[in-house]
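# Coordinates in review
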Amino acid sequence: MKPLNILSIPGDGIGPEIMEATLPVVEKVLTDAGVSYEIAHAKLGGQALDEYGFPYPDETKALAQAADGILFGAIGGPKWDKMPRHLRPETGLLAIREDLGLFANFRPATIYPELVSASSLKPELVSGLDILIVRELTGGIYFGKPRAIEEREGERVGFNTMIYSESEIRRVAQVAFDAASKRGGKLCSVDKANVLEVSQLWRDVVEEEAKNWPNVELTHMYVDNAAMQLVRAPKQFDVVLTSNLFGDILSDAAAMLTGSIGMLPSASLDVNNKGLYEPVHGSAPDIAGEDKANPLACILSAAMMLRYTFNLSEQADKIENAVSKVLAAGYRTGDIAGQEVGEKLVGTREIGQQVLAALS
Ligand code: IPM
Ligand code: MG
């Protein structure tokens, strides 16, 4: 069998530290399973800007196109905040998503029993929470044209275009219906169809697609209401399907419900389930290099990679179980500490080693 082709992109800020804690975990489960693999390394974002002058350099592009699974750390930092838009670290992330056609973004928001009190909501509202946000990732207002800041009638105007084709809506809807059919069987499509034409089309196409999924119960919700419902009664949701911009916003709110954005993984997939896997949290430049960052979201992203891209669900389970064991044993990084007695506050390296140890 051809070795699994994995690309590691640590990125900026805490990216390198969390990746360093993650790769040994991946290597161990694959080695234990007798699966051969190759791991290449590349730069994206600020690091790539410093070295190549571009946030998504050709070297990285070639490796990314060749890889099956890409594990990514974090992007951005104050050092590059003043760069022009086409040379911002974030532009590198948007470019790799677009280049690889990673249109389906999975953002689960699940809560660990040990961390329920870290949520900003009352424990009864969030305990047992298990939501999956499916966000369209390569279309909508993020990529729509025309877009510019220009001079009109003696003053500057700025504009973007929120545009979706039928086929773009349908393919992400299919992914979301499929996910819902394998989970709780409920799909809530979030739009702003009371105001926007693009959302009306979104709703119409999702309705049409629903006919192919008789076992999934489809509902629709306006995005403002969805934001409210997420913080009012989040457990009403199973799978949420939404567009690029709305998904960006709602997934941050959903992440906060779990009280620990440092715990949440994500997957961005193309039509063949090739994917880029990254923690939902950012680059946390304020603690970078201090051995304080929580690597668990990155480790859990690796588990998602094994599950979705490599079909190694048993190995993915092993990683997820190891993370649960480490939490149950009381190990905490600073971001998730302070909830219970008997906790052991540890750094990035130590918690990574505990996960590794919990695997055997
Ligand atoms: C995310 C981030 C990105 C986005 C930024 C860094 C470009 O906020 O992945 O949610 O807006 O998509
Ligand atoms: Mg975001």
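Rules used throughout
Residues numbered from 1 in each chain as written. Chains lettered and ligands numbered in written order. Predicted model: local features only at pLDDT ≥ 70, side-chain atom pairs only at ≥ 80, totals over all residues. Heavy atoms only, no water. Axes fitted to C-alpha atoms, helices over the stretch in contact; angles between N-to-C directions. Helix = DSSP H or I, 4+ residues; strand = E, 2+ residues; numbered from the N terminus. Parallel < 35°, antiparallel > 145°, perpendicular 65-115°, else oblique. Left-handed = near helix turned anticlockwise from the far one by under 90°. Contact = heavy atoms within 4.5 Å. Nonpolar A, V, L, I, M, F, W, Y, C, P; charged D, E, K, R; others polar. Domains from an automatic or database assignment. Buried area = accessible area lost by both parts, 1.4 Å probe. Salt bridge = Lys/Arg side-chain N within 4 Å of Asp/Glu carboxyl O. Polar contact = N/O pair within 3.5 Å; in protein donor to acceptor, adjacent residues only side chain to side chain. 1 Å grid on protein atoms, 1.4 Å probe; cavity = no way out; pocket = protein on both sides within 12 Å on 5 of 7 lines; lining within 4 Å. Points joined across faces, edges and corners; volume = space filled by probe spheres on them. Buried < 20%, exposed > 50% of the residue type's maximum accessible area, 1.4 Å probe, protein only.

### Comments concerning the packing of helix α11 (residues 313-328) against helix α12 (residues 348-358)
- With their axes 8 Å apart at the nearest point, α11 and α12 run at an angle of 120° to one another. Considering their axes alone, α11 and α12 lie oblique with respect to each other. As for the relative orientation of α11 and α12, their crossing is right-handed in sense. Facing A322, V323, K325 and V326 of α11, the residues of α12 in contact are I351, Q354, V355 and A358.
- Class assignment for the residues of the contact of α11 with α12 results in six nonpolar, one polar and one charged.

### Side note on the domain arrangement of the chain
- Domain boundaries in the chain define domain 1 (1-103 + 264-360) and domain 2 (130-257).
- Taken over C-alpha atoms, the centre of domain 1 sits 25 Å from the centre of domain 2.
- Counting the surface lost from both domain 1 and domain 2, the interface buries some 930 Å², and carbon and sulfur atoms represent 72% of this.
- Our count for the contact surface shared by domain 1 and domain 2 stands at zero salt bridges.
- Viewed at the interface, domain 2 and domain 1 are joined by one residue pair in polar contact (both at pLDDT 80 or more).
- Sorting elements by how many residues they give to the side of domain 1 that touches domain 2 places helix α4 (residues 89-99) first, with three residues.

### Regarding the layout of surface pockets
- Approximately 1,100 Å³ is the volume found for the largest pocket.
- Taken together, 39 residues make up the lining of the largest pocket; nearest its centre are R85, E90, T91, L94 and Y142.
- Within the residue set of the lining of the largest pocket, elements represented by two or more residues are β3 (69-74), α4, β6 (148-152), β7 (155-159), α9 (244-257) and β12 (275-279).
- Among the residues forming the lining of the largest pocket, the class breakdown is 15 nonpolar, 11 polar and 13 charged.
- Each of domain 1 (1-103 + 264-360) and domain 2 (130-257) gives at least three residues to the lining of the largest pocket.
- In this structure, the second largest pocket occupies an estimated 840 Å³ of space.
- Lining the second largest pocket are 27 residues; nearest its centre among them are F106, L132, M304, R307 and Y308.
- Of all elements in the fold, only β4 (104-110), β5 (130-136), α6 (166-182), β11 (265-269) and α10 (296-308) reach the threshold of two or more residues within the lining of the second largest pocket.
- Ranked by residue count, the leading element in the lining of the second largest pocket is α6, at five residues.
- A per-class count over the lining of the second largest pocket returns 16 nonpolar, three polar and eight charged.
- When residues of the lining of the second largest pocket are assigned to domains, at least three fall in each of domain 1 (1-103 + 264-360) and domain 2 (130-257).

### Focus: the side chain of T258
- Mapped onto the elements, T258 comes out in the loop between α9 and β11.
- For T258, a relative accessible area of 1% translates into the label buried.
- A polar atom in the side chain of T258 sits 2.7 Å from the backbone oxygen of A255.
- Sequence-distant contacts of T258, defined by excluding residues within four places in its chain, comprise A109, T110, I111, L115, S119, L129 and L264.

### Some thoughts on unusual backbone geometry
- Residue K145 is joined to P146 through a cis peptide bond whose omega torsion reads 5°.
- Phi is positive for E153, which is not a glycine, with a value near 45°.
- Mapped onto the elements of the fold, E153 is located in the loop between β6 and β7.
- Residue E153 is classed as exposed on the basis of its relative accessible area, which comes to 85%.
- A positive phi angle, close to 60°, is found at D291, a residue other than glycine.

### Quick look at the side chain of R135
- Mapped onto the secondary structure, R135 falls in strand β5.
- Of the polar contacts made by the side chain of R135, one reaches the side chain of Y142; its length is 3.3 Å.
- If we ignore the near neighbours within four places in the chain, the residues touching R135 are R97, F103, A104, N105, R107, Y142, T242, S243, N244, G247 and D248.

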